[in-house]
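Notes for the structure review
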Amino acid sequence: MVKKTALFILFCTLLNAWEFDKNCLVCHGEDFKFHIIMNKYTLKYSSEQRIKEAIFEYLKEPDINKSILPPEYIKKFGLKQKSNLDDEKLKKMIDIYYKRFNQQSKIY
Amino acid sequence: MYSGERKSILYVLGLYLSSTILLIATFFTSYYYYEQEQFIHSEKEILKKYTLEVSDKLSALSESSSERLQYPRFEDFNSAIYDIDKNLIFSTIEDINTKNVKQGFYTIDADSYLASPITPYYLGAAYIVIQKKSKDVDILNNLIYIAIITVLITVITSFFLVNIVLKPIRENIKLLDNFIKDTTHELNTPITAILANVETIDSSNCDEKTLRKLERIKIASASISNLYQDLIYLLLNHKTSLQNVDLNLSQIVTQRVKYFTNMANMKKIEFILDIKEGVHFFADRQKMERLIDNILSNAIKYTNKSTKITITLKETYLSIEDEGKGMSKNELDKIFTRYLRFDKTQGGFGIGYSIIKSIIDDYAIKIDIESKPNKGTKVTLTW
């Protein structure tokens with residue numbers, strides 16, 4: 001039973017990782033500095049809840065005023081496109097992103 | 001110490017001490033709050049410095065791309081960080097509240113805390129809490145010691161001060177006592193001579209006019225003799241040879257009333273006697289006579305002409321009631337003060353009630369004085 005449960009959890013994790021790779025990394029690529037973006041969100045929004053909300057708002061309706069990147073950067077590379085993912089899936093992806101890259105869980 | 005001196009000393013001491021203590025209390029309270037403010041200010045400055053140190057370390061740490069971030073630790077103090085929603089991120093402080101942060105400076109037990117908001121939110125930290133051991137400053141205990149010493153010094157100085165203030169009064173009283181003492185000694189021989197000779201005059205050989213004159217001389221001599229006895233009693237400071245015996249009080253009261261009859265007749269005062277036979281009291285005869293004489297002579301002295309004085313003696317009390325001018329409440333309060341006379345038109349030294357008080361105190365007799373101005377006075381002795 002324990003073995004089965006462990007296998008199920010491993011399967012779910014791999015499935016989630018695969019989905020994050022498919023939905024996020026496919027565009028941003030290998031060199032995208034995910035930890036720098038998380039650092040900027042953390043500096044501006046502080047708490048987990050506010051960071052997740054801000055990312056969600058931005059991905060749903062990308063806007064120069066909502067972006068945490070410098071305006072010069074936006075001018076050069078332009079705004080990202082709206083996410084095609086439904087709210088539930090987008091929130092799930094943001095959860096995975098936060099879990100992987102948040103700074104607070106690294107503190108010891 | 002003369003009568004009332006203790007009271008004066010206590011009044012002045014009370015007034016001086018209470019005003020000084022009030023002043024000290026005001027000064028110490030202000031000093032206490034000033035010191036506390038100073039303590040808070042100095043603690044806050046140190047904690048602010050520590051907050052900046054933690055903030056700098058967090059700033060450097062937030063730039064790191066390392067997989068593990070070591071939270072800054074210091075020897076002199078502990079710290080904790082909270083996010084904007086006041087959830088604890090990390091802490092080196094034991095027993096820290098994980099769900100909320102109390103802002104500003106505060107102390108718990110022997111520790112000082114300062115919680116300050118910071119921006120930007122390095123590692124998500126919106127608040128930094130610093131905890132350090134408070135400086136060991138026991139302001140209150142030090143103040144209590146100083147206050148006790150100051151109050152003691154004040155008590156001692158005020159005692160000397162009161163003595164200095166009372167010195168001239170004391171000297172005046174002593175002068176008065178000496179004067180009375182000298183006068184009394186000079187009175188002794190003539191009084192004895194007058195009384196002895198008046199008693200030996202053969203009244204059968206005198207005409208009516210001479211008899212009246214003789215009567216007046218007797219009354220005057222009795223008054224002087226009475227006064228002489230009072231003064232002697234006071235001068236010897238109540239140290240007359242005490243002989244407490246079983247006295248027939250009924251007999252003594254009757255005798256004393258008889259003694260004062262001539263004096264009363266002069267003012268056409270009628271004595272109404274209600275004396276129970278066989279009332280006994282264990283006391284010194286001389287003292288009891290002084291007691292009764294003083295109350296009776298006061299009643300005669302201060303009562304109006306053609307009135308009545310009612311004397312009642314029962315098993316447990318003696319009351320003497322006159323229809324005289326009476327006394328006000330204020331006069332009644334000061335009645336036992338020596339040398340104090342309310343009515344200067346009457347003779348005397350104002351020592352009657354002072355003697356009464358000392359005798360009733362000796363025998364634990366309770367005195368009750370009921371008096372109404374222009375109605376009369378009733379003195380009741382209960383034992």
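The structure displayed is predicted, hence computed values, not measured ones.

What follows covers the overall build of chain B. Along its length, chain B carries seven helices and twelve strands. A compact globule built from 383 residues would reach a C-alpha radius of gyration of about 21 Å, whereas chain B, at 42 Å, exceeds it by more than 25%. Put simply, chain B has 383 residues, and 37% of those count as buried. Sequence-distant contacts in chain B: of pairs separated by 6 or more residues, those separated by 24 or more amount to 66%. Of the roughly 22600 Å² of accessible surface on chain B, 56% is carried by carbon and sulfur atoms. Side-chain charges in chain B split into 47 positive and 47 negative, and the spacing between the mean points of these groups amounts to 9 Å.

All names here are of chain B. The strand order across the open sheet formed by five strands is 2-1-5-4-3, and the pairing between neighbours is antiparallel. Each having just a single partner strand, strand 2 (88-91) and strand 3 (104-108) make up the two edges of the open sheet. Between one strand axis and the next, the sheet turns through 20 degrees on average, direction left out of account. Pairing between strand 3 and strand 4 (residues 111-117): five bridges, direction antiparallel. Note that in strand 4 the partner of Tyr-106 across the bridge is Tyr-113.

Here we come to the sheet that holds strand 9 (residues 308-313) of chain B. Residues and elements named next belong to chain B. Ordered by their spatial adjacency, five strands build an open sheet running 7-9-10-12-11, and the pairing between neighbours is mixed. Looking at strand neighbours, the two that pair on one side only are strand 7 (270-275) and strand 11 (366-372), the edges of this open sheet. Across this sheet, the average inter-strand angle for adjacent strands is 10 degrees, counted without regard to direction. As defined by bridge partners, strand 11 adjoins strand 12 (residues 376-382) across seven bridges and the pair is classed as antiparallel.

Once that is clear, we can look at the domain arrangement of chain B. Here chain B is described as being made up of domain 1 (5-137) and domain 2 (238-382). When each unit is reduced to the centre of its C-alpha atoms, the spacing between domain 1 of chain B and domain 2 of chain B is 76 Å.

Right, let's talk about the interface of chain A and chain B for a bit. How large an interface is tends to be reported as the accessible area lost when its parts come together. Taken together, the contact pairs 15 residues of chain A with 22 residues of chain B. Buried surface at the junction of chain A and chain B, both sides included, amounts to about 1700 Å², of which 55% is carbon and sulfur. For the chain A face of the interface with chain B, the top three residues by lost area are Leu-43, Ile-107 and Tyr-108 of chain A, together amounting to 41%. On inspection of chain A and its partner chain B, the count reaches one salt bridge.

This paragraph deals with the packing of aromatic side chains. All names here are of chain B. This model, assessed by the stated rule, comprises 15 aromatic pairs over all chains. Aromatic pair Tyr-32 and Tyr-33: ring centres 5.5 Å apart, planes at 70 degrees, arrangement edge-to-face. We classify Tyr-32 as partly exposed; its relative accessible area is 22%. Aromatic pair Phe-281 and Tyr-363: ring centres 6.3 Å apart, planes at 75 degrees, arrangement edge-to-face.

The predicted coordinates of low-pLDDT regions are not to be read in fine detail. With 93% of its residues at a pLDDT of 70 or more, chain B shows a mean pLDDT of 84. Between the elements of chain B, mean pLDDT differs from a low of 78, seen in helix 6 (residues 329-333) of chain B, to a high of 95, seen in strand 1 (residues 78-82) of chain B.

For the rest of this paragraph, the subject is helix 3 (residues 48-60) of chain A. Residue and element names in this part refer to chain A. The end-to-end C-alpha distance of helix 3 is 18 Å, a good match for the 18 Å that 13 residues give at a rise of 1.5 Å each. If you check which residues of helix 3 are buried, you get Ile-51, Lys-52, Ala-54, Ile-55, Phe-56, Tyr-58 and Leu-59. In the core, the buried residues of helix 3 are packed alongside helix 2 (34-45), helix 4 (71-77) and helix 5 (87-101).

What counts, and where the lines are drawn
Starting from 1, residues in each chain are numbered consecutively following that chain's sequence as written. Think of it this way: whatever chain is written first is A, whatever ligand is written first is 1, and the rest follow in order. Residues qualify for local features only when their pLDDT is at least 70, as the model is predicted, and side-chain atom pairs are given and counted only at 80 or more; totals for whole chains, interfaces and linings, by contrast, use all residues. Hydrogens are left out, water is left out, and the side-chain values use all remaining heavy atoms of the structure. The secondary structure listing takes helices from DSSP runs of H or I that are at least 4 residues long and strands from runs of E that are at least 2 residues long, numbered from the N terminus. We compute the radius of gyration over the C-alpha atoms and compare it with the globule rule, which gives 2.2 Å times the number of residues raised to the power 0.38. Whether a residue is buried, partly exposed or exposed follows from its accessible area with a 1.4 Å probe, protein chains only, as a fraction of its type maximum: under 20%, in between, or over 50%, in that order. We call two residues in contact when some of their heavy atoms are within 4.5 Å. Under the convention used here, a 1.4 Å probe and the Shrake-Rupley method define accessible areas, while residue burial counts only the protein chains that appear. All tallies of charge rest on Lys and Arg as positive and Asp and Glu as negative; His and the ends of each chain are not included. To locate a charge, take atom NZ for lysine, CZ for arginine, CG for aspartate or CD for glutamate. Think of it this way: DSSP has to see at least two bridges between two strands before they count as a pair. Axis definition: a line fitted to C-alpha atoms, limited for helices to the stretch in contact. Angles are taken between N-to-C directions and run from 0 to 180 degrees. Where each domain starts and ends follows an automatic or database-derived domain assignment. What counts as buried area is the accessible surface, traced by a 1.4 Å probe, that two parts surrender upon association, with contributions from both included. Each reported salt bridge corresponds to a side-chain nitrogen of Lys or Arg within 4 Å of a carboxyl oxygen of Asp or Glu. Note on aromatic pairs: the rings of Phe, Tyr and Trp (six-membered ring only in Trp) are paired at centre separations within 6.5 Å, and the planes decide the class, stacked below 30 degrees, edge-to-face beyond 60, tilted for the rest. A residue's pLDDT is the predictor's confidence in that residue, given on a scale from 0 to 100. Residue count minus one, scaled by 1.5 Å, sets the expected span of a helix.

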